[in-house]
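Listed below are the residues making up each chain.
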Amino acid sequence: MERILEMLLEFKELLFVGIVIGVVFLSVFSVRAGDIGWKKRNIRFFGVFTGLQIQEMLWLSVGAVRILFIVCLCVFTQRLNASFTIFYLVLSLLAILTFFKPGRILIEIVNTVAVYASLTALNVLFGYYQDVNNHSIILTIYILLSLFTILYSVYFYMRGISNLVSGKIVHEAREAGKK
């Protein structure tokens, strides 16, 4: 029990940021959801989330948590220890297993490995900065690599959402053509 509590305390930044972002999204979306109309622009945004299967909703959720995890690792300069690695691998495995197009699973695996390699490089770089040479150029490289890692993750997450939406559009067009 004590070990589980220690592991949860390692994730305190992620939990805090996740709760804050969740409350902000809940309040914003609950206010915006009451203002949905057929002739308004926000119907397109909320329309993306209608009719999703459980697998697609799980992929969206896992992807959002994975990006939040990467952001917290980069911003709070967390050392990549065993519990963080296991958490990232579990999130990645869930994302791979719930991906909605079998042909894109290889791309998801490659992106997972690339992001993990980048997180490992960030870990080594920040360790070098703290322990050996705390020169400002090393901190600048850390910040730039962190930004690259976050943007890389967000890009492929948005690309996955785009594939999800385009797949829904194609599926709906086929269904409409059958009727």
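Parameters and conventions
- Residues numbered from 1 in each chain as written.
- Predicted model: local features only at pLDDT ≥ 70, side-chain atom pairs only at ≥ 80, totals over all residues.
- Heavy atoms only, no water.
- Helix = DSSP H or I, 4+ residues; strand = E, 2+ residues; numbered from the N terminus.
- Buried < 20%, exposed > 50% of the residue type's maximum accessible area, 1.4 Å probe, protein only.
- Contact = heavy atoms within 4.5 Å.
- Areas by Shrake-Rupley, 256 points an atom, 1.4 Å probe, with all protein chains shown as cover.
- Patch = residues over 30% accessible without salt bridge, like charges linked within 9 Å, V, L, I, M, F, W, Y side chains within 5 Å.
- Salt bridge = Lys/Arg side-chain N within 4 Å of Asp/Glu carboxyl O.
- Core = buried A, V, L, I, M, F, W, Y, C linked by side-chain atoms within 4.5 Å.
- Axes fitted to C-alpha atoms, helices over the stretch in contact; angles between N-to-C directions.
- Parallel < 35°, antiparallel > 145°, perpendicular 65-115°, else oblique.
- Left-handed = near helix turned anticlockwise from the far one by under 90°.
- Nonpolar A, V, L, I, M, F, W, Y, C, P; charged D, E, K, R; others polar.
- 1 Å grid on protein atoms, 1.4 Å probe; cavity = no way out; pocket = protein on both sides within 12 Å on 5 of 7 lines; lining within 4 Å.
- Points joined across faces, edges and corners; volume = space filled by probe spheres on them.
- Expected span 1.5 Å × (residues − 1).

1. Some thoughts on the overall build of the chain
1) Next: A tally of helices and strands in the chain yields seven helices and zero strands.
2) Next: In the chain, the succession of helices and strands from N to C terminus is α-α-α-α-α-α-α.
3) Next: Out of the 179 residues belonging to the chain, those deemed buried represent 34%.
4) Next: Counting contacts in the chain only where the partners sit at least 6 residues apart, residues at least 24 apart contribute 72% of the total.
5) Next: As displayed, the chain offers around 11,700 Å² of accessible surface, 72% of which is attributable to carbon and sulfur atoms.

2. So, a nonpolar patch on the surface
1) Next: Together, Phe16, Val20, Val24 and Val28 line one region of the surface with nonpolar side chains, adding up to about 360 Å² of accessible area.
2) Next: In this structure, Val28 sits in helix 2 (residues 12–33).

3. Some remarks on the side chain of Glu108
1) Next: Here Glu108 shows up in helix 6 (residues 105–131).
2) Next: Accessibility expressed as a relative area gives 8% for Glu108, which makes it buried.
3) Next: The contacts of Glu108, once residues within four sequence positions are left out, are Trp59, Arg66, Ala95, Ile96 and Phe99.

4. Points about the nonpolar core
1) Next: Counting 21 residues, the largest nonpolar core has Leu14, Phe69, Ile70, Leu73, Cys74, Phe84 and Leu119 as its most contacted members.
2) Next: Listed by contribution, the elements that provide at least two residues to this core are helix 2, helix 4 (54–75), helix 5 (82–97), helix 6 and helix 7 (136–178).
3) Next: Sequence-distant contacts of Leu73, defined by excluding residues within four places in its chain, comprise Gln78, Leu80, Phe84, Leu119 and Tyr142.
4) Next: Counting residues in hydrophobic clusters, the runner-up holds eleven residues, among them Leu52, Ile67, Leu91 and Ile161.

5. A short note on the environment of Ile54
1) Next: With respect to the helices, strands and loops of the structure, Ile54 is situated in helix 4.
2) Next: Taking relative accessible area as the criterion, Ile54 reaches 66% and is therefore assigned exposed.
3) Next: A sequence separation of 44 residues divides Ile54 from Thr98, and the C-alpha atoms of the two residues are 9.0 Å apart.

6. Comments concerning the packing of helix 4 against helix 5
1) Next: Orientation of helix 4 relative to helix 5, taken along the N-to-C sense of each, is 150 degrees, at an axis distance of 9 Å. As judged from the angle between their axes, helix 4 and helix 5 are roughly antiparallel. The chirality of how helix 4 crosses helix 5 is left-handed. Within the contact between the two elements, helix 4 uses Gln55, Trp59, Val62, Val65, Arg66, Phe69, Ile70 and Leu73 and helix 5 uses Phe84, Phe87, Tyr88, Leu91, Ser92, Leu94, Ala95 and Leu97.
2) Next: Grouping the amino acids of the contact of helix 4 with helix 5 by side-chain chemistry returns 13 nonpolar, two polar and one charged.

7. Considering empty space enclosed by the protein
1) Next: Counted by the stated rule, this structure contains three cavities of 30 Å³ or more.
2) Next: Approximately 170 Å³ is the volume attributed to the largest cavity.
3) Next: For the lining of the largest cavity, the secondary-structure elements that each account for two or more residues are helix 4, helix 6 and helix 7.
4) Next: Across the lining of the largest cavity, the residue classes tally to eight nonpolar, five polar and three charged.
5) Next: Leu73, Cys74, Thr77, Gln78, Arg79, Leu80, Leu119, Leu122, Asn123, Phe126 and Tyr142 together form the lining of the second largest cavity.
6) Next: If you list the elements that add at least two residues to the lining of the second largest cavity, you get helix 4 and helix 6.
7) Next: With four residues, helix 6 is the single largest residue contributor to the lining of the second largest cavity.
8) Next: Tallied by class, the residues present in the lining of the second largest cavity amount to seven nonpolar, three polar and one charged.

8. Quick look at helix 5
1) Next: Look at helix 5: 22 Å from first C-alpha to last across 16 residues, which is about the 22 Å you get at 1.5 Å a residue.
2) Next: For helix 5, every residue scored as buried is listed here: Ser83, Phe84, Thr85, Tyr88, Leu91, Ser92, Ala95 and Ile96.

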